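# Observations on the three-dimensional arrangement
One-letter residues, chain by chain:
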Amino acid sequence: MTPDEARPRRRPGQLEAEILTVLGSAGAPLTPGEVRDRVDPAGGLSYSAVVTTLTRLHERGAVTRERAGRAYRYGALSDPAGLVADRINRLLSAQSDRASVLRRFVSRLSEQDERLLRDLLNEEPDC
């Protein structure tokens, strides 16, 4: 068995969520190396994968980035739930017939998730 076969592949967005979780709990901005070491202490995650993911998160406004010598330190501005919400919003914004997309989305929710969504829509805004 090769090392790649022994390590299950991450789901799409999973590394971003793991990185945001690490940054959110860190208490201070971290370097990519520090992020990598906290996400995967066993050392199977490449430094370049972390840098690429952090750069994408920064471009989307999910993390802060500050210069620290020759490197950068990153801090969380969002959490994994916020990242998923942003992704859904971007996908929805790209569609001209939003009503059809939302109707199909809701029709595919479990009863529990549909009830939760209805409850959230009926809540008073936090204005």
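Predicted model, so just to flag it, every value in this text is computed and none were measured.

Next up on the list: helix α3 (residues 32–39). Taken together, the buried positions of α3 are Pro32, Gly33, Val35 and Val39. Viewed along the axis of α3, the buried residues span an arc of 160 degrees, placing them on a single side of the element. Elements in contact with the buried residues of α3: α2 (14–26), α4 (47–59) and β2 (71–76).

The next thing to look at is the packing of aromatic side chains. Using the criterion set out here, one finds 1 aromatic pair in the structure. A cation over an aromatic ring shows up here: Arg65 above the ring of Tyr72, its NZ or CZ 4.3 Å from the ring centre. The ring of Tyr72 carries Arg67 above its face, with NZ or CZ at 4.4 Å from the centroid.

As a further point, take the nonpolar core. Among the nonpolar cores identified, the biggest contains 16 residues, and Ile19, Leu23, Val35, Val39, Leu54 and Leu57 are the most heavily contacted of them. Counting residues per element, the ones that place at least two in this core are α2, α3 and α4. When residues of this core are assigned to their parent elements, the largest contribution, 5 residues, is made by α2. When near neighbours in sequence (up to four residues on either side) are disregarded, Val39 contacts Arg10, Leu15, Glu18, Ile19, Val22 and Leu45.

Turning next to α4. Spanning 13 residues, α4 covers 18 Å between terminal C-alpha atoms, matching the ideal 18 Å at 1.5 Å per step. Among all positions in α4, only Val50, Thr53, Leu54 and Leu57 are buried. Each buried residue of α4 lies within a common arc of 100 degrees when the element is viewed along its axis, so the set occupies one face. Taken together, the buried residues of α4 touch α2, α3, β1 (63–68), β2 and α5 (80–93). Of the residues trailing α4, Gly61 is marked for its positive phi of about 80 degrees.

Here we take up the confidence of the model for the protein. Mean pLDDT over the protein stands at 88; residues scoring 70 or higher make up 93%. The secondary-structure element of the protein with the lowest mean pLDDT is helix α1 (residues 3–6), recorded at 51, while α3 shows the highest, at 96.

Each value, and the rule that gives it
Residues numbered from 1 in each chain as written. Predicted model: local features only at pLDDT ≥ 70, side-chain atom pairs only at ≥ 80, totals over all residues. Heavy atoms only, no water. Buried < 20%, exposed > 50% of the residue type's maximum accessible area, 1.4 Å probe, protein only. Helix = DSSP H or I, 4+ residues; strand = E, 2+ residues; numbered from the N terminus. Arc of directions from axis to C-beta. Contact = heavy atoms within 4.5 Å. Phe/Tyr/Trp six-rings, centres within 6.5 Å; stacked < 30°, edge-to-face > 60°. Lys NZ or Arg CZ within 6 Å of the ring centre and 35° of its normal. Core = buried A, V, L, I, M, F, W, Y, C linked by side-chain atoms within 4.5 Å. Expected span 1.5 Å × (residues − 1). pLDDT = per-residue confidence, 0-100.

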